[in-house]
Amino acid sequence: QVDLVESGGGLVQAGGSLRLSCAASGRTLSSVAMGWFRQVPGKEREIVAAISWNGGVTDYLDSVKDRFTVSRDNAKNMVYLQMDSLKPEDTAVYYCNIIQWGSNIPWNDSWGQGTQVTVSP
C-alpha cells in the first residue's frame, strides 16, 4: 500500500508563493499519473493539477492555470506543486494521490493527512 505524505503548506499573504511536496513510500511512482487535490470544509474535493507518468503532460484547474506548476522527480519518488500568486480562494487542505490518467479519478479512496494552505487577503 502506497503511503503519501504532503508537506510545504503554510500561511502566506495574497500574492505569495508556496511549494508543496508529495513523498511516496511503499511503491514507486514512476509509471503512474499523479494529481494534486484540494478540499475546503463543506465542499467536494477537487483536482487542482495532474501530471502524466513521465511529466510530459500537465493539466490544471482553470482557476490555477498560469499560477501553479506541477512537476515530478521519479528518481526521488516525489511530486511537487509550485504555487505562485496565491489568492485567498486557494485556501484549502492539499492532497496528492495516484490518478487514472484521462479521467483524473483517484486510484483509490486512501488519502494522506494533507497539508494546509492558508492565504490571507
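Caption draft 1: Looking closely at the state of the cysteines. All told, the structure shown has one disulfide when counted by the stated rule. Paired through a disulfide, Cys22 and Cys96 show a sulfur-sulfur distance of 2.0 Å. One quick way to see it: the torsion about the S-S bond of Cys22 and Cys96 is about 70 degrees, and its sign makes the bridge right-handed. Taken together, the residues Cys22 in strand β3 (residues 18-25) and Cys96 in strand β9 (residues 92-100) connect sequence positions 74 residues apart. Each member of the pair, Cys22 as well as Cys96, carries the same accessibility label: buried.

Caption draft 2: Examining the packing of aromatic side chains more closely. Summed over the entire model, instances satisfying the criterion amount to two aromatic pairs. Both rings, one in Phe37 and one in Trp111, keep their centres 5.0 Å apart while their planes meet at 85 degrees; by these two values the pair is edge-to-face. With Phe37 in strand β4 (residues 33-39) and Trp111 in the loop between β10 (105-106) and β11 (115-120), the pair connects residues that are 74 residues apart, well separated along the chain. Taking relative accessible area as the criterion, Trp111 reaches 21% and is therefore assigned partly exposed. Between Tyr95 and Trp111, the aromatic rings sit 5.8 Å apart at their centres with planes inclined by 75 degrees, giving edge-to-face as the arrangement. With Tyr95 in strand β9 and Trp111 in the loop between β10 and β11, this residue pair connects regions lying 16 residues apart in the sequence. Aromatic ring contacts, followed pair by pair, group Phe37, Tyr95 and Trp111 into a single cluster. Geometry around Tyr80 places Arg19 over its ring, the cationic atom sitting 4.0 Å from the centre. Positioned above the aromatic ring of Trp111, the side-chain terminus of Arg45 is 3.8 Å from the ring centre.

Each value, and the rule that gives it
Residues numbered from 1 in each chain as written. Predicted model: local features only at pLDDT ≥ 70, side-chain atom pairs only at ≥ 80, totals over all residues. Heavy atoms only, no water. Disulfide = S-S within 2.5 Å. Helix = DSSP H or I, 4+ residues; strand = E, 2+ residues; numbered from the N terminus. Buried < 20%, exposed > 50% of the residue type's maximum accessible area, 1.4 Å probe, protein only. Phe/Tyr/Trp six-rings, centres within 6.5 Å; stacked < 30°, edge-to-face > 60°. Lys NZ or Arg CZ within 6 Å of the ring centre and 35° of its normal.

Keep in mind that these numbers describe shape and distance, not what the molecule does.
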